[in-house]
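# Structural overview
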Amino acid sequence: MLVLVAPGQGAQTPGFLTDWLALPGAADRVAGWSDAIGLDLAHFGTKADADEIRDTSVAQPLLVAAGLLSAAALGTYSFADDTVGTEIVPGAVAGHSVGEITAAAFAGVLDDTAALSLVRRRGLAMAEAAAVTETGMSALLGGDPEVSVAHLEKLGLTAANVNGAGQIVAAGTMEQLAALNEDKPEGVRKVVPLKVAGAFHTEHMAPAVDRLAEAAKALTPADPKVTYISNRDGQAVAGGAEVLERLVGQVANPVRWDRCMETFKELGVTALIEMCPGGTLTGLAKRALPGVKTLALKTPADLDAARELVAEHAAEQA
């Protein structure tokens, strides 16, 4: 059984869309998306520096666009866009944080334009919320999750991402994160600051929830056409309206990627492909899902290997 996953914010790097835009039709497709949301995705994906694409309002739509573009090139997308013939049907889809919007498009809940319009509003709303107080996020490597979560609470921090495979991401004010650097939980080997511009999935993002809920009212979601697994609790969600409601609320609530991976196990997933810019989620899967074959789509050079994996593990081909 094949699961497609989409990464979250922090996975972007300068120029990561350059090779993808050279694929037939890709530049025109991205130009259309850029016009629809008022953001030059091609520029930010090819010429912008690390600081420019760290901006939440830029990074989030850029990541969703990259996921849609790489999935189209692979041949696994789209159910919601009749202009792209679906060749391969995955058994399940999921995304980490903003990657949940990418996954919703994979599942046919939202079409391209709706997904990118929603993520554009999400990025702007979260950037505005992040500007109120200087906040950030840091990954804790190693340690016992229960011990780490209790320690974070003592410091006033939130376990914003519980990623499994021994990784938790702490979020809070820069002062709180500085205290964490000086006072790591027992067993934690390293604290790594992330390339994000706010304490996402915490109370600091509460103002963004209302703005995103307003934007969501304009959308008409369809029910998922494949199993859609939610960050809230790792459960499969069968209704499009509930998927959309969860996408809105998840902005200010922790990501439980550990539970998503537990559901992958329960479903009998045998292969996992992470869309561009892949790497983070495949790394977690290698440690938490022994025996599951993994592949990260980083450049179009990875497509042939991905197609071989798809041929072995896809639930259905059309």
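Data block above holds the structure.
Let us look at the overall build of the protein. Scanning the protein from N- to C-terminus turns up 14 helices and 12 strands. Radius of gyration (C-alpha) of the protein: 18 Å, near the 20 Å computed for a compact globule of 318 residues. Taken over the C-alpha atoms alone, the protein extends approximately 55 × 45 × 35 Å along its principal axes. Pairs at least 24 apart in sequence give 73% of the contacts found in the protein among residues at least 6 apart.

Here the focus is the pairing of strand β11 (residues 293–296). Relative to β11, strand β10 (residues 271–274) is paired through four bridges, and the arrangement is parallel. Looking at β11, one finds that Glu274 is bridged to Ala296. As for the winding sense of the linkage, the β-α-β connection from β10 through helix α13 (residues 280–288) to β11 is right-handed.

This brings us to the sheet that holds β10. Ordered in space as β9-β8-β3-β1-β10-β11, the six strands form an open sheet in which the pairing is mixed. Across the chains shown, the open sheet's two edge strands, defined by having one partner strand only, are β9 (236–237) and β11. In this structure, strand β3 (residues 92–95) lies alongside strand β8 (residues 227–229), joined through two bridges in parallel fashion. Among the inter-strand pairings, Ala92 is bridged to a residue of β8, identified as Thr227. Its contacts with the sheet place helix α12 (residues 257–267) against β1 (2–6), β3, β8 and β10, and it is angled at close to 150° to β8.

Glancing now at the nonpolar core. Grouped together as the largest cluster of nonpolar side chains are 81 residues, with contacts concentrated most on Tyr228, Ile273 and Leu297. Here this core takes 10 residues from helix α5 (residues 56–74), the largest share from any one element. Residue contacts for Tyr228: discarding those within four places in its chain leaves Val93, Glu100, Ala103, Ala104, Ala107, Gln235, Ala236, Val237, Val243 and Leu247. Counting residues in hydrophobic clusters, the runner-up holds 18 residues, among them Val5, Ala94, Ile229 and Cys260.

Moving on: the sheet that holds strand β4 (residues 135–142). Strand order in the open sheet made by the four strands is β5-β6-β4-β7, with antiparallel pairing throughout. What marks the edges here is a single partner per strand, and that holds for β5 (158–164) and β7 (188–193). Adjacent strand axes in the sheet meet at a mean angle of 25° when their direction is disregarded. Summarising the sheet, β4 and strand β6 (residues 167–173) pair through seven bridges and their orientation is antiparallel. Counterpart to Thr135 in the pairing with β6 is Thr173. Where helix α8 (residues 145–154) meets the sheet, it contacts β4, β5, β6 and β7, and its direction lies at approximately 5° from that of β6.

Consecutive side chains of a regular strand alternate in pointing toward one face of the sheet and then the other. The two faces of β10 match: Ala271 and Ile273 on one face and Leu272 and Glu274 on the other face are all buried. Relative to β10, β1 runs parallel, the two sharing four bridges. The partner of Val5 across the bridge, within β10, is Glu274.

Note that an α-helix has 3.6 residues per turn; residues three or four places apart therefore point the same way. Judged by how many residues are buried, helix α6 (residues 99–106) sits mostly within the fold: eight of eight residues are covered. All buried positions along α6 are accounted for by Gly99, Glu100, Ile101, Thr102, Ala103, Ala104, Ala105 and Phe106. Check the buried side of α6 and you find it contacts β1, α5, β3, α7 (112–130), β8 and α11 (240–249). Positive phi appears at Gly108, one or two residues downstream of α6, with a value of about 85°.

Take Ile37: it is sitting in helix α2 (residues 26–37). With a relative accessible area of 11%, Ile37 lands in the buried category. Put simply, Ile37 and Leu118 are 81 residues apart on the chain and 9.2 Å apart in space, counted from C-alpha to C-alpha.

This part covers the packing of α5 against α7. Here α5 crosses α7 at 155°, and the two axes come no closer than 7 Å. On the basis of the axis angle, α5 is roughly antiparallel to α7. Of the two elements, α5 crosses α7, and the hand of that crossing is right-handed. Contact with α5, carried on its side by Thr56, Ser57, Gln60, Pro61, Val64, Ala65 and Leu68, involves Asp112, Leu116, Val119, Arg120, Arg122, Gly123, Leu124, Met126 and Ala127 of α7 and no other residues of that element.

Parameters and conventions
- Residues numbered from 1 in each chain as written.
- Predicted model: local features only at pLDDT ≥ 70, side-chain atom pairs only at ≥ 80, totals over all residues.
- Heavy atoms only, no water.
- Helix = DSSP H or I, 4+ residues; strand = E, 2+ residues; numbered from the N terminus.
- Rg over C-alpha atoms; globule rule 2.2 N^0.38 Å.
- Contact = heavy atoms within 4.5 Å.
- Pairing = 2+ DSSP bridges.
- Right-handed = clockwise from strand over helix to strand, strands pointing away.
- Axes fitted to C-alpha atoms, helices over the stretch in contact; angles between N-to-C directions.
- Core = buried A, V, L, I, M, F, W, Y, C linked by side-chain atoms within 4.5 Å.
- Buried < 20%, exposed > 50% of the residue type's maximum accessible area, 1.4 Å probe, protein only.
- Parallel < 35°, antiparallel > 145°, perpendicular 65-115°, else oblique.
- Left-handed = near helix turned anticlockwise from the far one by under 90°.

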